[in-house]
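# Examination of the molecular architecture
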Amino acid sequence: EMCIRDSFTAWLQAEKMLDWPVMRFGKKEAMAFMDYLHLRRRVGATTYNNYQTVLRVLFNELRTRDFIQANPFAQVPKKKSTQKLRRNFSLEERRTVAAWISQEHPMLFLGVLLSYYCFIRPIELRKMQFLCIDLTGGCIRLPAAITKTRPASLVFSAIRSTKSQTRVSVDADHWSRGNAR
């Protein structure tokens, strides 16, 4: 997958515009690039709009620094995004997926359980270290450096399992401070 810069640069090179002075690049060329994305690369509305936003910001900075007089992407209209149809897994589907993951990828399954039951975001789970887990206290302490909301620390009570049930409790003070997600 190419990033926006690489895609734009490759298109400029293919169109023999890479050596142009920046002030020569105008609305006609901006529209041609956006048409290329839409018609040739067949990117969706969200990706199209992301390209348009990034390039608009870039060219706004060039305009601010007096390299160009007008932003060629300023008049490019956004595409209307359609909402994707999604649904929750049924109970049977959840059981099937959970059984397969626990059998085929047991370490991944532990991560899924931590994320689901302890409300740990995937990025926090990736950054979490073993020292975050307090085995004697039965909790997980996430330092501010790895949390999205950046409080001093988040405290989650760990999953306690018995043969008959699994239960999760979350530190009540954490929830009362408005940190619930």
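Preceding this paragraph is the structure being described.
Attention in this report is confined to the structure presented alongside it.

Calculation notes
- Residues numbered from 1 in each chain as written.
- Predicted model: local features only at pLDDT ≥ 70, side-chain atom pairs only at ≥ 80, totals over all residues.
- Heavy atoms only, no water.
- Helix = DSSP H or I, 4+ residues; strand = E, 2+ residues; numbered from the N terminus.
- Polar contact = N/O pair within 3.5 Å; in protein donor to acceptor, adjacent residues only side chain to side chain.
- Contact = heavy atoms within 4.5 Å.
- Phe/Tyr/Trp six-rings, centres within 6.5 Å; stacked < 30°, edge-to-face > 60°.
- Buried < 20%, exposed > 50% of the residue type's maximum accessible area, 1.4 Å probe, protein only.
- Axes fitted to C-alpha atoms, helices over the stretch in contact; angles between N-to-C directions.
- Parallel < 35°, antiparallel > 145°, perpendicular 65-115°, else oblique.

### What to know about the side chain of asparagine 49
Its location among the elements puts asparagine 49 in helix H3 (residues 45-64). Polar side-chain contacts of asparagine 49 include one of 2.8 Å to the backbone nitrogen of lysine 79. Not counting the four nearest positions on each side in its chain, asparagine 49 is found in contact with Lys78, Lys79 and Ser81.

### Points about the packing of aromatic side chains
Counted under the stated rule, the structure contains twelve aromatic pairs. Seen from their ring centres, phenylalanine 8 and tryptophan 11 are 6.5 Å apart, and the 15° between their planes marks the pair as stacked. Taken together, the residues phenylalanine 8 and tryptophan 11, both in helix H1 (residues 4-14) and three residues apart, mark about one turn of the helix. Both residues of the pair, phenylalanine 8 and tryptophan 11, belong to the buried class. Relative to phenylalanine 73, the ring of phenylalanine 59 lies with its centre 5.3 Å away and its plane at 50°, an arrangement referred to as tilted.

### A word on the packing of H1 against H3
Between two packed helices, the angle of one axis relative to the other and the distance separating the axes together describe the packing. Look at H1 against H3: their axes get within 11 Å of each other, and the N-to-C directions meet at 80°. It follows from the interaxial angle that H1 and H3 lie roughly perpendicular. Residues Ile4, Ser7 and Phe8 of H1 lie in contact with H3, whose contacting residues are Asn50, Tyr51, Val54, Leu55 and Phe59.

None of this, on its own, says anything about what the molecule does.
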